[in-house]
Amino acid sequence: MTDHLLSLMTFFPLVGMLIVLFLPREADRLIKTVTLIVTIIVFLISLPLAFDDVFLTSSAMHYTEFVNWISIGQYFQMNYNVGIDGISLWLVLLTTFIMPIAILSTWNAVDKNTKGFMALALLLETGMLGAFIALDLFLFYVFWELMLVPMYFMIGIWGGKNRIYAAVKFFLFTAVGSLLMLVAIIYVYYFSMKAGVPFENGFSIAHFAQLDIPANLQMWLFAAFAFSFAIKVPMFPFHTWLPDAHTEAPTAGSVILAAILLKMGTYGFIRFAIPLFPVATMKFTPLLATLAVIGIIYGALVAMMQDDVKKLVAYSSVSHLGFVMLGIFAMNLQGLAGGMLQMINHGISTGALFLIVGFLYERRHTRLIADFGGLSKVMPVFAVIFMIMTFSSVGLPGTNGFVGEFLILVGAFEGGLRVYTVFATTGVILAAVYMLWMFQRVMMGKVTNPKNENLKDLSAREMVIMLPLLLFVFWIGFYPNTFLSKMNPTLENLVEQVKGKQQIAMMAEDMEQSVTKIAVNDLR
Amino acid sequence: MNDLVQNALLNVNIAAILPSLILVCFGMGLLLINVFLPRGTTRHAVWISLIGLAVTGFFVYTGWGNPQYGFNDAVAMDNFAAFFSITFLVCAALTILMSDDYLRREGYPVSEYYPLILFATAGAMWMASGTDMMTIFLGLEVMSISLYVLAGFFRGQVKSNEAGLKYFLLGAFSTGFLLYGMALIYGVSGSTRLTEIGVYLKTHASLLDNPMTLAGLVLLSTGFLFKIAAAPFHMWAPDVYEGAPTPITAFMSAGPKAAAFAAFLRVMEYCFFTLKPEWTAMLWVLAVLTMVVGNVIAIRQTNIKRMLAYSSIAHAGYVLVGMVAANEIGYSGILFYMLAYTFMNIGAFAVLVLAGKKGEDNLTLEGLSGFGFKKPFLGVAMTIFLFSLMGLPPTAGFAGKFYIFAGAIKAGYIWLAVIGVLNSAISLYYYLRVMVYMYFRDPEEDYAWVAMPGAVVVTIIIAIAGVFYLGIMPGEVMELAKQAVF
């Protein structure tokens with residue numbers, strides 16, 4: 001059982017998809033129930049991972065599976081090579097945790113072609129889980145592309161007014177990035193073959209990470225990977241697909257997109273781009289940190305100016321993901337741990353905010369801030385939950401957002417990114433401005449619009465959706481160690497590896513320079 | 001004289017042509033049977049052709065790994081020819097399966113249609129197995145003449161007439177180029193046998209920069225590139241593909257194209273291996289041009305058949321990348337890709353066969369509005385084929401592109417691979433647009449689509465199976481493709 005836990009978890013949604021496809025088209029409620037049950041089962045399958053103490057001490061991959069998948073003579077070998085460590089652990093759990101919540105949120109929101117929607121959602125879950133556990137670059141690429149298709153249809157079929165534009169833009173942006181990554185993947189593969197990596201290892205990242213790739217080559221390869229991941233994150237200036245996709249997607253789509261798909265980009269940096277090309281990482285750090293800071297401030301400023309709640313939350317994602325990137329490129333334990341934690345935080349709080357926007361939209365069929373006002377009097381329970389999530393997004397002490405942002409800023413400050421940290425800190429203030437201002441306009445004051453007077457408070461189903469998210473807001477806020485302690489060994493190991501290689505490269509560069517100097521002196 | 005005859009007789013090796021011989025016999029037999037049956041009966045022809053293709057396939061299959069040479073080395077039924085032959089046979093079988101109901105709907109239930117496909121397939125097999133210029137030429141003509149007739153098969157339809165005539169005129173023109181190239185090469189080397197030409201050019205290095213050799217090389221390539229529909233020799237393709245009966249368009253875009261690639265590859269590898277740097281440089285430019293022209297013009301198309309015609313040009317460009325790579329993986333990538341392309345493209349056309357109304361005026365993007373919800377099975381099938389044409393995993397199209405670009409990267413053509421993937425990115429746009437209309441738009445007029453005849457549905461299911469088999473488990477077929485290249 002535990003031998004194949006990851007495969008079971010990853011492919012169970014696919015089985016669920018087949019079941020859903022054979023259900024009668026009209027049985028709307030049945031389809032939704034079956035899908036919900038499938039996603040809950042997947043969550044239960046993944047739950048033992050959370051209680052496994054092996055992650056407390058070991059930085060290695062666990063639950064690994066290795067099966068030869070495609071092998072073609074002496075050309076290629078692609079392996080089904082999966083495993084989980086401190087980096088992917090919480091992201092996998094976040095995925096399995098968010099999925100039932102997202103499905104539950106569709107109960108009343110999705111009413112046409114339910115079957116198609118649920119089948120795509122389950123396919124998407126397989127894609128996402130597969131991408132998080134893949135240890136073979138080829139396998140990762142397959143899952144990475146597999147995620148595109150369901151999300152494309154989700155936005156395009158069930159989305160809002162501008163859905164076609166948003167769906168096509170989402171697909172094109174992401175696919176263009178990944179195609180260049182494919183070239184880089186093949187190139188690294190041939191490089192590893194030349195370097196004598198045994199053929200049977202295929203596209204295994206563990207072996208790719210041990211390669212000694214020349215610095216200038218690393219720059220190109222890193223650029224190809226980083227381009228692909230930066231689009232997905234999304235980093236400024238590749239973020240333009242995100243507001244469109246988020247705004248047009250149905251609520252469940254936005255939640256999945258924000259909570260999990262965006263993490264693919266940052267995860268890609270931590271898992272692939274940085275360990276594979278440490279020297280290039282060092283050289284690209286100023287550029288990427290600058291873009292991250294621009295993203296933080298730009299996202300916040302644009303969010304402030306939005307009159308649509310959903311767009312506001314979408315732009316706040318740009319800002320939050322900028323923090324994550326800054327933490328990652330600090331390249332020390334605090335920064336990375338903060339980045340990782342903030343990835344989970346963002347999944348919880350932004351996912352929750354999208355759900356909240358969805359609740360509002362279901363009631364009023366509008367998302368304009370101006371149409372609301374004074375809702376706290378009409379919907380007291382809703383108001384409390386909305387407030388907590390707002391605080392969590394802002395990063396108030398006691399909530400999860402605070403821990404993540406604090407660690408990131410400390411990490412970045414100590415990791416030699418001081419100037420960036422100073423600018424990034426303004427992002428925290430701006431976040432408070434746009435979130436609280438929005439909250440004030442929507443929830444506080446008098447009820448100005450008569451249509452808002454008789455809105456129903458949260459239903460039992462909606463409470464069930466929000467309560468688990470609330471739990472984690474405070475759990476991470478008050479006792480983040482549960483999560484940090486299991487990612488630390490892996491992150492420590494990563495920092496050590498990357499720093500070590502960077503130092504060797506720097507020493508080599510110094511040597512070269514001094515040799516040139518000596519040579520020049522000799523000439524004189 | 002006596003010696004010559006004796007020599008020729010000694011070199012007869014029926015095994016080398018047995019599969020294609022069987023196929024031709026089936027075609028001839030079918031023609032004869034047709035004479036005795038009333039007009040309009042076609043079912044028997046479908047079955048007989050399918051049986052013929054299956055028997056041929058069986059003999060090709062049993063000959064795997066046991067190459068047969070004959071007729072003074074004019075024919076070689078080696079693994080290379082066998083692999084391509086299987087591709088042609090699959091292509092022909094799928095085409096025939098989807099044709100019958102289509103011909104009935106369009107009002108041409110004529111059984112001569114089927115022998116023509118069999119002859120075209122036999123011609124394609126001779127092209128793939130030809131190791132002599134004359135064999136290749138013979139195969140090319142047999143294939144092309146059958147196709148000229150098939151393209152203009154709907155003699156009452158102006159578009160089909162135009163397609164047939166255009167294809168014939170331009171095809172004849174290009175054949176002239178090809179023949180002239182062969183003549184020049186014969187003039188240089190004194191032989192029509194591919195291996196002998198290669199050896200002669202190698203031992204007489206001074207001939208390599210002889211204008212006559214180079215002119216011969218260029219003219220030969222022109223002839224093949226025309227059949228492949230590579231830019232700038234692609235002008236005929238959109239009109240012919242749009243006008244020809246849909247199953248024939250499907251057939252032409254896969255089988256004969258693969259045949260031209262087979263012959264092209266063999267000629268280049270056998271005769272001109274000494275000139276490799278020159279012709280790879282030439283093909284580099286043409287590959288880029290073909291990909292760009294095909295993909296960029298496809299964006300502007302609203303007629304789906306025409307769009308797929310341009311996409312087919314673009315795919316020829318990807319395959320040319322494999323030829324530029326000119327290494328084992330690039331070549332076996334070509335073999336794999338043509339088989340993969342056969343499944344996905346024929347599948348897409350099979351869906352169009354069912355989506356079209358009589359006269360096929362509705363095969364435009366607008367005409368497919370809401371199609372995916374009206375016909376869920378066809379919608380999903382089309383989606384799968386389009387994703388495969390885009391080259392998304394886990395489909396055959398992805399595996400094929402992967403190997404071809406991997407070949408290019410291994411040979412050091414990194415920029416070519418980058419241009420290739422960027423072109424794939426362009427292609428995403430117009431393939432996605434079909435899905436946008438199929439799924440994201442509501443139908444404009446509410447009419448019932450044609451019924452779903454079993455044979456076409458079977459075609460589509462086979463094609464889907466092929467796309468996923470080659471996409472998820474490409475290992476075995478790729479291994480065979482590897483054994484098939486020289």
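Residues numbered from 1 in each chain as written. Chains lettered and ligands numbered in written order. Predicted model: local features only at pLDDT ≥ 70, side-chain atom pairs only at ≥ 80, totals over all residues. Heavy atoms only, no water.

Caption draft 1: Quick peek at helix α10 (residues 241-248) of chain A. All names here are of chain A. Most of α10 is tucked away, with seven of its eight residues classed as buried. Residues of α10 that are buried: Trp241, Leu242, Pro243, Ala245, His246, Thr247 and Glu248. On its buried face, α10 sits against α6 (137-158), α7 (163-194), α9 (215-232), α11 (251-276), α13 (309-330) and α14 (333-364). (Buried < 20%, exposed > 50% of the residue type's maximum accessible area, 1.4 Å probe, protein only. Helix = DSSP H or I, 4+ residues; strand = E, 2+ residues; numbered from the N terminus. Contact = heavy atoms within 4.5 Å.)

Caption draft 2: Molecular detail of the packing of α14(A) against helix α17 (residues 400-414) of chain A. Residues and elements named next belong to chain A. At a minimum axis distance of 7 Å, the contact between α14 and α17 shows a crossing angle of 150°. Here α14 lies roughly antiparallel to α17, going by the angle between them. As for how α14 packs across α17, the hand of that crossing is left-handed. Of α17, the residues touching α14 (which contributes Gln334, Gly335, Gly338, Gly339, Leu341, Gln342, Asn345 and Ile348) are Asn400, Gly401, Val403, Gly404, Glu405, Leu407, Ile408, Val410, Gly411 and Glu414. Looking at the contact of α14 with α17, its residues break down into six nonpolar, ten polar and two charged. (Axes fitted to C-alpha atoms, helices over the stretch in contact; angles between N-to-C directions. Parallel < 35°, antiparallel > 145°, perpendicular 65-115°, else oblique. Left-handed = near helix turned anticlockwise from the far one by under 90°. Nonpolar A, V, L, I, M, F, W, Y, C, P; charged D, E, K, R; others polar.)

Caption draft 3: Structural view of unusual backbone geometry. Look at the link from Val233(A) to Pro234(A): it is a cis peptide, with omega at -10°. Residue placement: Pro234(A) occurs in the loop between α9 and α10. Ala231(B) connects to Pro232(B) through a cis peptide bond whose omega is 0°. Within the secondary structure layout, Pro232(B) lies in the loop between α9 (211-228) and α10 (236-243). Although it is not a glycine, Ala326(B) adopts a positive phi angle of roughly 50°. Among the structural elements, Ala326(B) can be located in the loop between α13 (304-325) and α14 (328-355). Ala326(B) gets classed as buried once you look at its relative accessible area, which sits at 16%.

Caption draft 4: Fine view of the packing of aromatic side chains. By the definition in use, this model includes 71 aromatic pairs over all chains. Pairing Trp220(A) with Trp415(B) gives two aromatic rings, centres 6.1 Å apart and planes at 85°, and the pair type is edge-to-face. In this pair, Trp220(A) is assigned in helix α9 and Trp415(B) in helix α18 (residues 414-440), connecting two distinct chains. With respect to class, Trp220(A) is no different from Trp415(B); both count as exposed. Joined through ring pairs, the aromatic side chains of Trp69(A), Phe76(A), Phe138(A), Tyr141(A), Tyr189(A), Tyr190(A), Phe203(A), Phe208(A), Phe336(B), Phe398(B), Phe402(B) and Tyr403(B) make up one cluster. (Phe/Tyr/Trp six-rings, centres within 6.5 Å; stacked < 30°, edge-to-face > 60°.)

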